[in-house]
Amino acid sequence: MSLNEEVELLRSIPLFANIEPSKLKLLAFTSERLAFQEGQSLFHQGDIGDAAYLVVDGTADVVIEGPDGNKITVAQIGRNAFVGEIAILCDVPRTATITATSKLDTLRVSKDLFFRLVNEFPTMAVEIMRELAHRQEQSNLQLTQANQRIRELENRAG
Amino acid sequence: MEKTIFGYVWRFSRRQQITMTIMSAASLPFLYLFYEVPKTIINEAIQGIGVEYPLNLGEKMTVSIFGVDIPLLGPFDLIIDQAPYLFILCAVFLLLVGVNQGFKYVINVYKGLTGERMLRRLRFELYGRVLRFPLPTFKKMSQGEIIPMITAEVEPLGGFIGDAFSLPAFQGGYLATILAFLFLQDWRMAAAAVSLYPLQLWLIPKLQRKVNLLGKERVARVRRLSDKIGETVQGVQEAHAHDTSNFILTNFADQLFWIYGVRERIYRQKFVIKFLNNSIQQLGPFAFYAIGGYFVIEGQLEIGTLVAAIAAHKDLAAPWKELLNYYQMQADASIKYDQVVSQFGPAGMRGPDYQLIEPDDLSPLSGELTATNLTLNDDQDAPVVDGISLRLELDKRYAIVGSGGSGKEELTLLLARLLDPDNGNLNLGGNDAAILSEAVTGRRIAHVGASAFVFAGSIADNLFLGLKHRPLAPADYDDAGAKQRATYVDEARRSGNIEYDLHADWIDYAAAGVDDAAALRQSGLAALKRIGMDEEVYQFGLRGIIDPTVRTDLAVAILRARAGLRQHMADDPALLDLVEGFDGAAYNMNASVGENLMFGNPVGDTFDVEHLAEHPYVLDVLEQVGLTEQFLSVGFQVASTMVELFADLPPDHELFQQFSFISADELPDIQALLQRSDRANLAALPDEDRGQLMSLPFKLIPARHRLGLVDDDLQAKVLEARRYFAANLPEDLAKSVEFFDADKYNASANIQDNILFGKVAYGQAQAADRVGVLISQVVEELGLHETVAEVGLSFEVGIAGSRLSTAQRQKLALARALVKRPDILIMSETTASLDSATQAGIMEALLADFDGRCLIWSVQRTSMASGFDEVLVMRQGRLMERGSFAELSESNEYVKEMLASE
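Per-chain numbering applies: the sequence of each chain, read as written, is numbered from 1 onward. Written order determines the labels here, with chains lettered from A and ligands numbered from 1. With pLDDT at 70 or above as the cut-off, local features in this predicted model cover only qualifying residues; side-chain atom pairs require 80 or more to be listed or tallied, and sums for whole chains, interfaces and linings still use all residues.

Caption draft 1: Up close: the overall build of chain A. Segments assigned H or I by DSSP are reported as helices when at least four residues long, segments assigned E as strands when at least two residues long, and all are numbered from the N terminus. Helix and strand counts for chain A come out as five helices and eight strands. When its helices and strands are written in sequence order, chain A yields α-α-β-β-β-β-β-β-α-β-β-α-α. Dimensions of chain A, computed from the C-alpha atoms along their principal axes, are close to 60 × 35 × 25 Å. Neighbour density around each residue's C-beta defines its exposure: 20 or more other C-beta atoms within 10 Å make it buried, 12 or fewer make it exposed, and counts between make it partly exposed, where C-beta atoms are placed from the backbone. Out of the 158 residues in chain A, the part that is buried amounts to 25%. Contact between two residues is assigned whenever their backbone-derived C-beta positions fall within 7 Å. The long-range share in chain A, meaning contacts at least 24 apart out of those at least 6 apart in sequence, stands at 72%.

Caption draft 2: Representation of the interface of chain B and chain A in the model. Contact residues are listed per partner, giving 12 residues for chain B and 15 residues for chain A. Those elements that provide at least two residues to the side of chain B that touches chain A are helix H25 (628–646) and helix H26 (654–659) of chain B. Gly is placed with the polar residues, together with every amino acid not listed as nonpolar (Ala, Val, Leu, Ile, Met, Phe, Trp, Tyr, Cys and Pro) or charged (Asp, Glu, Lys and Arg). Residue composition of the side of chain B that touches chain A, by class: seven nonpolar, three polar and two charged.

Caption draft 3: Here's a closer look at unusual backbone geometry. Residue and element names in this part refer to chain B. Here the residue pair Tyr 53 and Pro 54 is connected by a cis peptide bond, since its omega of -10° sits within 30 degrees of zero. Following the sequence through the fold, Pro 54 ends up in the loop between helix H1 (5–46) and strand S1 (55–56). Phi is positive for Asn 373, which is not a glycine, with a value near 50°. Considering the arrangement of structural elements, one finds Asn 373 in strand S5 (residues 368–377). Not every positive phi belongs to a glycine, and Arg 821 is a case in point at roughly 50°. By the element assignment, Arg 821 lies in the loop between helix H34 (806–819) and strand S17 (824–828). With 20 C-beta atoms packed within 10 Å, Arg 821 lands in the buried category.

Caption draft 4: Broad picture of the sheet that holds strand S5 (residues 71–77) of chain A. All names here are of chain A. Between any two strands, at least two bridges found by DSSP are needed for them to pair. Read across the open sheet, the four strands follow the order S2-S7-S4-S5; overall the sheet is antiparallel. Edge positions in the open sheet fall to strand S2 (41–43) and S5, since each of these has one partner strand only. Neighbour-to-neighbour, the strand axes of this sheet turn through a mean angle of 30°, independent of strand direction. Both S2 and strand S7 (residues 97–100) contribute to a ladder of two bridges, which runs antiparallel. If you follow Phe 43 over to S7, its bridge partner there is Ile 98. In this description, a line fitted to the C-alpha atoms serves as the axis of each element, helices being fitted only across the stretch in contact, and the angle between N-to-C directions of two axes falls anywhere from 0 to 180 degrees.

Caption draft 5: Expanded view of the domain arrangement of chain B. Note that domain bounds follow an automatic or database assignment of domains. With domains assigned, chain B is organised as domain 1 (5–343), domain 2 (368–464 + 799–900) and domain 3 (583–739). When each unit is reduced to the centre of its C-alpha atoms, the spacing between domain 2 of chain B and domain 3 of chain B is 60 Å.

Caption draft 6: Expanded view of the confidence of the model for chain B. Of all residues in chain B, 99% have pLDDT values of 70 or greater, and the mean over the chain is 88. Prediction confidence for the complex, expressed as pTM and ipTM, is 0.78 and 0.79 respectively. For every residue, the pLDDT score states the predictor's confidence, bounded by 0 at the bottom and 100 at the top.

Caption draft 7: Structural context of the sheet that holds strand S8 (residues 104–110) of chain A. Residues and elements named next belong to chain A. Here we have four strands laid out as an open sheet, ordered S1-S8-S3-S6, and antiparallel in their pairing. Two strands lie at the open edges of the sheet, namely strand S1 (32–36) and strand S6 (82–83), each paired on one side alone. In the sheet, strand S3 (residues 51–57) pairs with S6 via two bridges, with the strands oriented antiparallel. Across the sheet, residue Leu 54 finds its bridge partner in S6, namely Phe 82. The strands touched by helix H4 (residues 111–120) within the sheet are S3 and S8, with S8 carrying the most contacts at an inclination of about 60°.

Caption draft 8: Region of interest: the environment of Thr 21 of chain B. All names here are of chain B. Inspection of the secondary structure assignment puts Thr 21 in helix H1. Taking the number of C-beta atoms within 10 Å as the measure of exposure, Thr 21 has 17 and is therefore partly exposed. When the C-alpha positions of Thr 21 and Met 880 are compared, they lie 70 Å apart, and in sequence the two are 859 residues distant. Each residue touching Thr 21, except ones within four places of it in the same chain, is listed here: Phe 165, Ser 166, Ala 169 and Phe 170.

Caption draft 9: Representation of the environment of Ser 24 of chain B within the structure. Residues and elements named next belong to chain B. Counting through the fold element by element, Ser 24 comes out in helix H1. As a C-alpha pair, Ser 24 and Phe 170 span 146 residues in sequence and 6.3 Å in three-dimensional space. Residues within four places of Ser 24 in sequence aside, it is in contact with Ile 107, Ser 166 and Phe 170.

Caption draft 10: Representation of the nonpolar core in the model. Residue and element names in this part refer to chain B. Judged by nonpolar contacts, the single largest core of 170 residues is most densely connected at Ala 399, Val 401, Ala 815, Ile 826, Ile 856 and Val 871. Sort the elements by how many residues they give to this core and H25 lands first, with eight residues. Look past the residues within four positions of Ala 815 in its chain and what remains in contact with it is Leu 463, Ala 527, Leu 528, Ile 531 and Met 533. As used throughout, a nonpolar core is a set of buried Ala, Val, Leu, Ile, Met, Phe, Trp, Tyr and Cys residues joined through C-beta atoms within 7 Å of each other. Residues Ile 5, Met 149, Leu 157 and Ile 161 belong to the second largest nonpolar core, which totals 19 residues.

Caption draft 11: Here's a closer look at the confidence of the model for chain A. This prediction gives chain A a mean pLDDT of 84; 99% of its residues lie at or above 70. Confidence scores differ between elements of chain A, with H4 of chain A showing the lowest mean pLDDT of 78 and S7 of chain A the highest of 92.

Caption draft 12: Main features of the packing of helix H5 (residues 143–153) of chain B against helix H9 (residues 197–234) of chain B. Residue and element names in this part refer to chain B. The N-to-C vectors of H5 and H9 enclose an angle of 125°; their axes lie 7 Å apart at closest approach. Between H5 and H9, the angle falls in the class oblique. Like other packed secondary-structure pairs, H5 and H9 cross with a definite hand, here right-handed. Residues Gln 143, Gly 144, Glu 145, Ile 147, Pro 148 and Glu 153 of H5 touch H9, and the partners they reach there are Val 219, Arg 223, Ser 226, Asp 227, Lys 228, Ile 229, Gly 230 and Glu 231. Counted by class, the contact of H5 with H9 contains four nonpolar, four polar and six charged residues. Every angle not falling under 35 degrees, over 145, or within 65 to 115 is termed oblique; those three ranges are roughly parallel, roughly antiparallel and roughly perpendicular. Crossing handedness is read from the near helix: turned anticlockwise from the far helix by less than a right angle, it gives a left-handed crossing, and turned clockwise, a right-handed one.

In structure tokens form, the structure reads like this:
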């Protein structure tokens, strides 16, 4: 797959959707194309985050290990998923382990590069803010729904 | 050393000085004749004054001494005419030219050699003294001061030494001869000619003394200057880190200013002396003209006598000037000698025998180490080690604990005899340490400090340094080599240097407990393993380059490893994508276009990958296979992409360095180039532009850059170019490239690349790590691990070990101490710079290793002392208490305090 195809792929990610093609091209060019074998992990929960990954092809499991050592697969991801961005945005350790469940093709965007691009191109920063705000709104919505659900359950129980 | 330079010269080159003086004297008559013959030629042979022709040469060449006639040509008559007489005299003149120049040549060479030998002796003596300085001397004297003293400052002495005795003897004799001649002619005139000499003899030394003082100051200032330079080189990192370059430069400029000032005064004084000298010299003729002239007018003096006196005075001028010059030169040389020598005799310096003499008894130390009232003061006379008396058994392991300034480090230095105590005694297994030679202390004891030094050279050089005390097995020489060696020894003797052979085998195998070099390498690797450095050395080995013609067996084994790696990859599909092997018939997507084209390693700079596009042969190959157009077009596309991607970035942006094919400086040029070029007609571009575009495709690595420019057609053509490149390579370029050959060891590539024989693939997660594991596995399977590690022993560590990390240097120094199997190993916070896991590993290994031997370890953390037989607690220079760790950590408040604070 060549650079141009990668640019197309980046464009389909909401986070990058509104960014000029030439900037996306720079992002693609300076990112590393990285393939994982089935069973290999992109990163482990608790690691220091150094990069985000864009899944170009293949599937992977997102696994969270609870304090009691229980492992729960919280999601399955596939083509076009952008993962690992939280750890590089907020400097927190990885919140989950991601393991390839098939041959997995990714584009690795390093933390340095990501921040440099954000610094360099304010449009990108705005886009990220927009995306994060959007996610926040989604979370709020889900939280409200969950609260409502709990109240319903409590009422039923009471 | 001798107090004055004359004492030194006389002591060591008396014979040469006398020989030179005799040779100079012997040349004198010929010199006289050389000036005499032309007079005879003009007067007698040409003008015929005082002779009648034909002439009886036999009769003429007869001299009369004390009334006895001695015919120089024998008792023959030789009648010749005027012209032949002229030619004979001219022939004599020619002969004299040869003889005089011959004398000059021989004397000069002899002088030069004598001077050089003396210089060599002096330097050797000074250097030997540096090795015997007590360690605290180096706190006051930096290397920046020592180096110029031994190199530049003594250099002019060599020239002076050749003249030291012969010049005054010769010129003095010359002067005396002329003076005697003058006095015989007319004593008044002679007295007049030299009447001003006393004034000069009184005045010049007076002035010269001032210049000498200035000279001393200059030497001291220049020394300080080189000290500053040395300091800057060492601390350059701090200069950058704190932006102090301007301050440092100003400091330097200040020093230069003062040196200039001294120089200025020296010049003024020196030329005042010259001025006075020359003026006084001219006063002579003035006196002759005025006084002598008056006497002539008065009729008291004949005109002829006056003219002769003036001529004689002129003759006197030359040797007199030489003597005065000599006086200045010797003043200068004396200062330099004084200045240097006074610095090389610090108090407490050990005698030369202490290092040079090989003692008869080198048996292992056993029994006890006893110290009585051991005291060491610092330079302000405050005690650092304060009256320590102790008794240690040489089969036990001791830890010394205490805070930073407790004197524990100094105690280890005293015990290792690296420092001499100001007071008290040290006894090592029944021997008084004060009179033990370094051969005993340096072989039976090992000391490793907190930041041990590693010398430039290989790891093996450093590892086995502690075994090189004396040459033990002579080197093998052929006839020419043996002859050269004999000359070497002869010269060494003439200049009082050490006669040992640098190329002999110095390694004391017995001391390491082995029989030969191979076993020693094993033992060295074993020591490195105990210290935990074996894996690092193995890695050095993998990156090492070997000569397959010398190490044929290893090269063959590496080729087997290459095959083994291929087999592993074939067996496991998960590994297959990790490496793209070199295949002469296939394009390698993980290698650059340039590498694909050349399909080999460049040897030397001819086919340097960075400048491949500039080589005429490479360009010719492209032209021959019809690739030029395509390369131009690809180059154009690369350039366009780069401009598109990077044009908006500020020029100093890091992305340029990391990713761009074009540097930020070139980008505007390239932009302009793209604008003025017509894509359809790139061939029409001027050569320079074409060159710029052509160079870009060479760097393309398809798997990495993913620009989609290296398509199937281009790949096929590059393969064709690869074949053409190899097939038509001119004879003179054949040595500049070593082609990849699946069945051949590539001498210009390292071991790892030879095993790999391909490129680690881009875009495979953790590819490099996984390939490393795979290579190790293959190497292990073939039993090559140790062999590769041995190659790692020849890794060059760089200046002062700069290619090693601090931890590696420290580990190497410790392994060096282990290899020589000391009776007592003394360590002072040796592992402080290592990480705690490595520290613990080393501690465990050494405690086991020295069970039943003597280990004295001053530890940086009190808790480390738990595994030792006994613990010594140091506080404020005194031995506070000793006992087992368990007891002390219960009962000693100070120990408890230190443990709690860790």
